[in-house]
Structures are given as C-alpha cells and as structure tokens.
Amino acid sequence: MANYDPGYDDNWVIEVDVCCAIIDNACDNLNYAGTPTYYWPEPDAYGDTYRNQRFTNVEYCSLKTINLGFDGTGSIGAPGAQVNIWNSDGTYPTSVITSYLINPVVDFFPVFTSIDVTPANLILAGDYHVGYTTILNNPGDVLAILSDDGNSGSGRSVEFYLGQWWLMANSWGVDVDFLINVDRCCLPPGYCPVTCSATD
C-alpha cells in the first residue's frame, strides 16, 4: 500500500478541553499510618535513604500541605531535610515533581514538620510519593522518621538502597507505613467545573 503524499505540509489544529479548576472543596487528610511504633534513622549503617510513602488520589486533587512525623529521640544534632514529591510507576518513585528544603528540622512528633505546597498548584490524580533525604549540617547529624508497626501495611513505604528502590516489606521484612500524610482538596470523580481549551 502506497503512502499518500500531497506534496505540501499540513498543520492540523487539534483542540481539547482540560481541567483548569481551582480545587478548594471536599478537603481531607490522606494518611495510611497507624500508631507510631518505630523510628528509622538516616544515615544508618546500611546507607538507606529517600524513605517515602506512596499516596493514591482516586480523582483529581490539589495538594495543600505535606506533613512528616520526625522522631526527636532518634534524631541527633541539627539535621535538615530535602523533601521530595515524586511521580510514581504505581509502586516506586520515578521523576521528582518538586522539592522543598527544611533546614534545620525543628519540629518533632507529636508536632509534624508541615510544608505548605499550595503555591505550587499541584493537581494530581493516581499515585505519587512524598519522602525525604537527610541534610547533614554537622558530623554526626541523624534524622529519624517514625512509622507504625507494619501490621496493616499495604506496600506503600519505600526506600532507596544499593542503587535501587525497595519496598520496606522486602528490605526490612516489615510492611510499615511512615508517618507522612497529605492535606488535599478533591473533585468528584470525572467532574470538572471549569474547563479551558488547549490547542496544538
């Protein structure tokens, strides 16, 4: 079958409607962790880093605040944290969406380290990850994140070890959920009150 070639270039105009809503209703806190039980220091003897929690938005949601429960007993010195929000392949983090620096960390559980991400206008659906790596300001600095006991885990906690991502259930044998949660505001499934046209 021959290809049709009219002898000139066509520029096709394709227009689609995309959701441009400002989402500020149906707000909640998305949290998978139970009662704080363990703390996980970084750095540790194994070189684990970038501990994070996977979240799932069933519909489009605007992230408002991300909250991390660091442990004052397991932390030493005056460490900071680089906090990342990642895209996800459904299990592990992929590309970084945005990052925030908390340096030094001054809030420890029962007070959460909270970051207002509203200015970033992050509207996400599906899976994404929130986690951190420690900023070592001085020799001996350690920053520890809290988790539950792992009895009700669902394969959402991840760390980076030996050059690759691991589920905590696989690397440590306990399916904990980290004390990381997000405040969000969501649209009903399939609903968008404001659309705008995008052309290509």
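Quick caveat: nothing in here was measured; it's all calculated off a predicted structure. (Residues numbered from 1 in each chain as written. Predicted model: local features only at pLDDT ≥ 70, side-chain atom pairs only at ≥ 80, totals over all residues. Heavy atoms only, no water.)

Draft legend 1. Representation of the overall build of the chain in the model. Each helix and strand in the chain was counted, giving one helix and 14 strands. The proportion of buried residues among the 200 residues of the chain is 41%. Summarising the internal contacts of the chain: among those between residues at least 6 apart in sequence, 82% fall at separations of at least 24. When the accessible surface of the chain is summed, it comes to about 10600 Å², and 53% of that surface belongs to carbon and sulfur atoms. (Helix = DSSP H or I, 4+ residues; strand = E, 2+ residues; numbered from the N terminus. Buried < 20%, exposed > 50% of the residue type's maximum accessible area, 1.4 Å probe, protein only. Contact = heavy atoms within 4.5 Å. Areas by Shrake-Rupley, 256 points an atom, 1.4 Å probe, with all protein chains shown as cover.)

Draft legend 2. Focus on the state of the cysteines. Under the definition given, this model contains two disulfides. Cys27 shares a disulfide with Cys185; S-S distance 1.9 Å. Taking the torsion about the sulfur-sulfur bond, which here is approximately 100 degrees, the covalent link between Cys27 and Cys185 counts as right-handed. In this pair, Cys27 is assigned in strand 2 (residues 27–30) and Cys185 in strand 13 (residues 180–186), connecting sequence segments 158 residues apart. Each disulfide pairs two cysteine sulfurs, and for Cys61 the partner residue is Cys186, the sulfurs being separated by 2.0 Å. Between Cys61 and Cys186 the sulfur-sulfur dihedral comes to about 105 degrees; the bridge is accordingly right-handed. Taken as a pair, Cys61 in strand 4 (residues 49–68) and Cys186 in strand 13 lie far apart in primary sequence, 125 residues in all. Cys186 carries the same exposure label as Cys61, and that label is buried. (Disulfide = S-S within 2.5 Å.)

Draft legend 3. Representation of unusual backbone geometry in the model. With omega at 5 degrees, the peptide bond leading from Glu42 into Pro43 counts as cis. Mapped onto the elements, Pro43 comes out in the loop between strand 3 (38–42) and strand 4. In the Ramachandran plot, Asn121 falls in the positive-phi region, its phi being about 50 degrees despite a non-glycine side chain. Overall, the relative accessible area of 54% leaves Asn121 in the exposed class. Positive phi values are uncommon outside glycine, yet Leu162 reaches one of about 55 degrees. Along the chain, Leu162 falls in the loop between strand 11 (157–161) and strand 12 (164–167).

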